[in-house]
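Listed here are the chains, written in short residue letters.
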Amino acid sequence: SQQERVVIIGSGNWGSAASRLIGKNVTKSSRFEDRVNMWVYEEVLNGQKLTEIINTQHENVKYLPGYKLPKNIVAVPDIVEAVKGATVLVFVVPHQFIRNLCKQMKSAISSHCRGISLIKGIDFNESGPLLITDIIKSELNIPMCALSGANIANEIAAEKFCETTIGYENLEDGKLMKELFHDDMFRVGFVKDVAGVQVCGALKNVIALGAGFCDALEMGNNTKSALMRIGLIEMQRFAKKYYSNVKVETFMESCGVADLITTCYGGRNRKCAEAFIRTKKSWNVLEEELLNGQKLQGTTTAKDVYLTLKKDNALEEFPHMVTIYRIAFEGLPVERIVLDI
Ligand code: NAD
Ligand code: 13P
């Protein structure tokens, strides 16, 4: 039977680290073609195209410096060319770019294609929250899994042990995706809960902003743990309100409590939120100064969550996330992070 053709959409910090796992795993099984295209948002570094650098030096020197990518990972700047004939799509771009990309790739993918989203974010429209997998499904009409966990990309590239969670609808698809990612140092777990995995991944970015505010106040460990605990409860409450099928167990997986912990200690959202209080600079300036092209996801999500809750008259049910939004965008004094609980 025909081999699976895997294509990675995105090549930032996590996309590049994930390509190290995928590039290695495809060569272990005859089920997959060896070559894996990776769509790269083209940019020029010191006069040289990033795609050329990746294809000659086998390193994404901007987004994952210091780690080689497998030679079977091929950087392609044209999205239509990258996904031609793809049967397995791995989506790993900042969430704001997903819809536009899907529109461009629609005609080029194989008719029996399926996908997995590594994206931590959620979109919103007039009727409420929209899962990234549902956006992809509505644009491309393909079955989707989601992968999320306590997965700081640089630590994975350094092959430090961690767990992750794949949310699936169809177990066969989940198992196929596991073959792409699983490794002794990257242990894949399963839940039959695509929505729960993604709600956790999106909302923990908001709670991490609160953790950064708390760090700027030098409140200490007990305070931060309290904010994380309350944040976890609000994450669950949000999931229950908008996705009634979400499972409680999902919050106990790597994508739930573990990712919340890792992001509140070691993530970019936490780091920028601490700097936001200490330097009084704007979010855009901080993203520019501190992240070198990488993207902050929690601020947009905090705003979208707030607007949705407001429209649904539900602000009072989510005091912690509302306070985080108000500190981030309405000039509320940062001390309110504890006083408003
Ligand atoms: P990143 O923040 O490191 O990099 C940003 C990427 O966006 C770059 O590849 C850049 O080229 C690209 N980009 C810039 N402008 C663009 C445009 N107009 N259209 C399309 N792409 C554009 O990216 P990342 O860390 O790989 O994040 C991707 C997703 O993975 C996010 O949802 C993030 O939350 C999630 N994630 C990240 C980590 C991590 O540790 N970095 C871990 C787990 C999940
Ligand atoms: P940040 O985007 O805050 O760096 O979080 C990374 C992450 O998702 C770790 O699991």
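Going by the structure above, here's the rest.
Starting from 1, residues in each chain are numbered consecutively following that chain's sequence as written. Note on labels: chains are lettered from A, ligands numbered from 1, in written order. Residue-level local features of this predicted model are given only where pLDDT is at least 70; pairs of side-chain atoms are given and counted only at 80 or more, and the full residue set underlies all totals for whole chains, interfaces and linings. With hydrogens and water stripped out, all remaining heavy atoms of the structure feed into the side-chain values.

Chemist: How would you summarise helix α14 (residues 319-329) if you had to cite specific residues and measurements?
Modeler: Of all the 11 residues making up α14, eight are buried; the element is thus mostly covered by neighbouring parts of the structure. Think of it in three bands: with a 1.4 Å probe and only protein chains considered, a residue is buried below 20% of the maximum accessible area for its type, exposed above 50%, and partly exposed in between. Here a helix means four or more residues in a row that DSSP labels H or I, a strand means two or more in a row labelled E, and each is numbered from the N terminus. Taken residue by residue, α14 has His-320, Met-321, Val-322, Thr-323, Ile-324, Tyr-325, Ile-327 and Ala-328 as its buried positions. Contact between two residues is taken to exist if any of their heavy atoms lie within 4.5 Å; hydrogens are not considered. Buried-residue contacts for α14 involve α8 (194-216), α9 (221-242), α11 (268-279), α12 (283-291), α13 (298-311) and α15 (336-339). Note on α14: the residue one or two positions beyond its end, Gly-331, has a positive phi of about 75°.

Chemist: So, the layout of surface pockets: which residues are in play, and what are the values?
Modeler: Reported here for the largest pocket is a volume of approximately 1,100 Å³. The pocket and cavity definitions rest on a 1 Å grid over protein atoms only: a 1.4 Å probe that fits but cannot leave marks a cavity, an open set with protein on both sides within 12 Å along at least five of seven lines marks a pocket, and residues lining either have an atom within 4 Å of a point. Along its surface, the largest pocket is lined by 47 residues, and Gly-12, Asn-13, Pro-94, Arg-268 and Lys-295 are the ones closest to its centre. When contributions to the lining of the largest pocket are tallied by element, the ones reaching two or more residues are α1 (13-26), α4 (98-105), β10 (144-148), α6 (153-157), α8, α10 (254-266), α11 and α12. Per-element tally for the lining of the largest pocket: the top contributor is α10, with four residues. Amino acids outside the nonpolar list (Ala, Val, Leu, Ile, Met, Phe, Trp, Tyr, Cys, Pro) and the charged list (Asp, Glu, Lys, Arg) are all regarded as polar, and Gly is one of them. Its residues assigned to classes, the lining of the largest pocket comprises 19 nonpolar, 20 polar and eight charged. Grid points are joined across faces, edges and corners, and a volume is the space filled by probe spheres set on the points.

Chemist: Lay out the environment of Ile-166 with the relevant residues and their values.
Modeler: Topologically, Ile-166 is positioned in strand β11 (residues 162-167). Each C-alpha atom, one on Ile-166 and one on Cys-145, is 6.9 Å from the other, the two residues being 21 residues apart in sequence. Setting aside residues up to four positions removed in sequence, Ile-166 forms contacts with Ile-116, Cys-145, Ala-146, Leu-147, Gly-174, Met-177, Lys-178, Val-188, Gly-189, Phe-190 and Val-191.

Chemist: Explain α13 to me, and be specific about the residues and the numbers.
Modeler: Helix span, as expected, comes to 1.5 Å for every residue beyond the first. Here α13 contains 14 residues, and its C-alpha end-to-end distance of 20 Å stays within 8% of the 20 Å for a straight helix at 1.5 Å per residue. Taken as a whole, α13 has its buried residues at Gly-298, Thr-299, Thr-301, Ala-302, Val-305, Tyr-306, Thr-308 and Leu-309. Of the residues flanking the end of α13, it is Asn-313, one or two places downstream, whose phi is positive at about 55°.

Chemist: Explain the packing of α8 against α13 residue by residue, including any values.
Modeler: The axes are straight lines fitted to the C-alpha atoms, using for helices just the contacting stretch, and the angles between their N-to-C directions are given from 0 to 180°. Interaxial distance between α8 and α13 falls to 8 Å at its minimum, and their mutual angle equals 100°. As the angle between them shows, α8 and α13 are arranged roughly perpendicular. Facing α8, whose interface residues are Ala-202, Leu-203, Asn-205, Val-206 and Leu-209, α13 presents Gly-298, Thr-299, Thr-301, Ala-302 and Val-305. The residue makeup of the contact of α8 with α13, split by class, is six nonpolar, four polar and no charged. Oblique is the label for every angle not falling under 35 degrees (roughly parallel), over 145 degrees (roughly antiparallel), or within 65 to 115 degrees (roughly perpendicular).

Chemist: Which residues make up the pairing of strand β6 (residues 88-91), and what values go with them?
Modeler: Residues Val-88 and Val-90 point to one face of β6 and Leu-89 and Phe-91 to the other, with burial holding for every one of them. Paired strands, as defined in this entry, are two strands with at least two bridges between them according to DSSP. One ladder, built from four bridges, connects β6 with strand β7 (residues 114-117); its direction is parallel. Paired with Val-88 across the strands is Arg-114, a residue of β7. The β-α-β motif built from β6, the intervening α4 and the parallel element β7 has right-handed crossover chirality. We call a crossover right-handed when, viewed with both strands directed away from the observer, the connection leading from the first strand over the helix to the second proceeds clockwise.

Any link to function would need more than the numbers given here.
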